[in-house]
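# Structural overview
Listed here are the chains, written in short residue letters.
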Amino acid sequence: MRLIFLGPPGVGKGTQAQRLSGRLRIPKISTGDILREAVEKKTELGVRARGYMESGGLVPDEVVVGIIRERIKEPDAAGGFILDGFPRTRPQAEALDRMLGDRNEGIDAVLDFKLSEMQLIERLSGRRSCPGCNAIYHVEFNPPRQMGRCDRCGEPLVQRKDDHPEPIRKRLEVYRAQTVPLIDYYQSRGRRLEIDGSGTPEEVFRKVTAAIDPIQ
Ligand code: AP5
């Protein structure tokens with residue numbers, strides 16, 4: 001299956017993509033994770049992306065389109081993938097359609113996650129992430145077993161630089177201006193499935209699997 005996870009920052013796309021990736025045995029491809037790793041390693045891509053990311057803005061389309069073009073050619077993506085956080089603009093969506101079209105492939109479904117702005121801010125402000133394996137935690141809603149340490153790999157957890165009030169405000173604004181138009185884009189192509197992102201991660205996962213079951 002080829003799936004897109006669409007939705008505002010903090011709605012739980014990454015959390016759900018990680019679970020579904022395990023269930024369907026297809027990779028979760030997160031442009032955010034790929035870019036953060038590049039920033040951490042100070043590669044040419046990371047140096048270019050850092051300022052955009054830390055302020056809450058979007059990295060230029062041609063950069064992220066290039067990342068996805070290469071990543072979906074990897075052998076582990078041959079049987080499908082979950083795109084988490086891509087596309088985020090209309091030019092990215094059109095580039096993806098062309099890329100898949102060249103391979104006679106298409107997107108099976110776009111899961112469009114919804115949550116109130118108050119809950120988004122609550123989730124983002126308490127998030128902690130593992131720089132080692134990209135596992136996602138929340139100080140209150142999904143704490144690690146040992147405070148400040150990743151359950152999976154033991155690395156110290158960090159708070160993302162863009163999970164502070166000013167970048168959060170900017171990310172929500174950028175989402176409304178640049179990504180919300182994709183809802184109509186995929187609705188008009190008959191690919192959009194709306195998911196209520198409220199409830200526990202387990203409850204949301206049940207909604208996700210119920211939504212995609214009929215198209216598997
Ligand atoms: P990216 O990493 O994609 O960030 P995002 O889209 O802002 O999404 P988040 O990772 O913040 O949220 P999420 O929905 O995945 O929520 P999560 O599951 O973590 O992008 C970062 C930056 O990279 C961008 O700002 C941009 O600069 C750049 N970038 C990336 N892609 C790009 C692109 N295509 N084009 C241009 N630039 C790009 O959950 C959040 C928190 O809530 C966690 O603490 C989690 O534990 C908790 N939580 C999750 N589910 C629940 C639940 N059901 N109940 C309670 N808590 C929950």
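Structural notes, computed from the coordinates. This is a predicted model, so every value here is computed, not measured. (Residues numbered from 1 in each chain as written. Predicted model: local features only at pLDDT ≥ 70, side-chain atom pairs only at ≥ 80, totals over all residues. Heavy atoms only, no water.)

Around the ligand sit 35 residues in total, of which Thr15, Gly57, Arg88, Arg127 and Arg171 are the nearest. Within the backbone of Gly57, an N or O atom sits 2.6 Å from an oxygen atom of the ligand. Protein contact buries 97% of the 1000 Å² of open area that the ligand shows by itself. Put simply, the parts of the chain that give the shell around the ligand at least two residues each are helix 1 (13-24), helix 2 (31-41), helix 6 (117-125), strand 6 (136-138) and helix 9 (201-212). Among the elements that line the shell around the ligand, the one with the most residues is helix 2, at four residues. (Near = heavy atom within 4 Å. Polar contact = N/O pair within 3.5 Å; in protein donor to acceptor, adjacent residues only side chain to side chain. Areas by Shrake-Rupley, 256 points an atom, 1.4 Å probe, with all protein chains shown as cover. Helix = DSSP H or I, 4+ residues; strand = E, 2+ residues; numbered from the N terminus.)

Here we take up the side chain of Lys28. Structurally, Lys28 is set in strand 2 (residues 28-30). Within polar-contact distance, the side chain of Lys28 engages the side chain of Asp33 at 3.2 Å. Once residues lying within four places of it in the same chain are set aside, the contact partners of Lys28 are Gly14, Ala17, Gln18, Ser21, Asp33, Ile82 and Asp84. (Contact = heavy atoms within 4.5 Å.)

What follows covers unusual backbone geometry. Here the bond from Phe86 into Pro87 is cis, since omega is 0°, no more than 30 degrees from zero. With respect to the helices and strands, Pro87 occurs in the loop between strand 3 (81-84) and helix 5 (90-102). Positive phi values are uncommon outside glycine, yet Lys42 reaches one of about 55°. Relative to the helices and strands, Lys42 is located in the loop between helix 2 and helix 3 (44-55). A positive phi angle, close to 65°, is found at Asn134, a residue other than glycine. Within the secondary structure, Asn134 is located in the loop between strand 5 (127-129) and strand 6.

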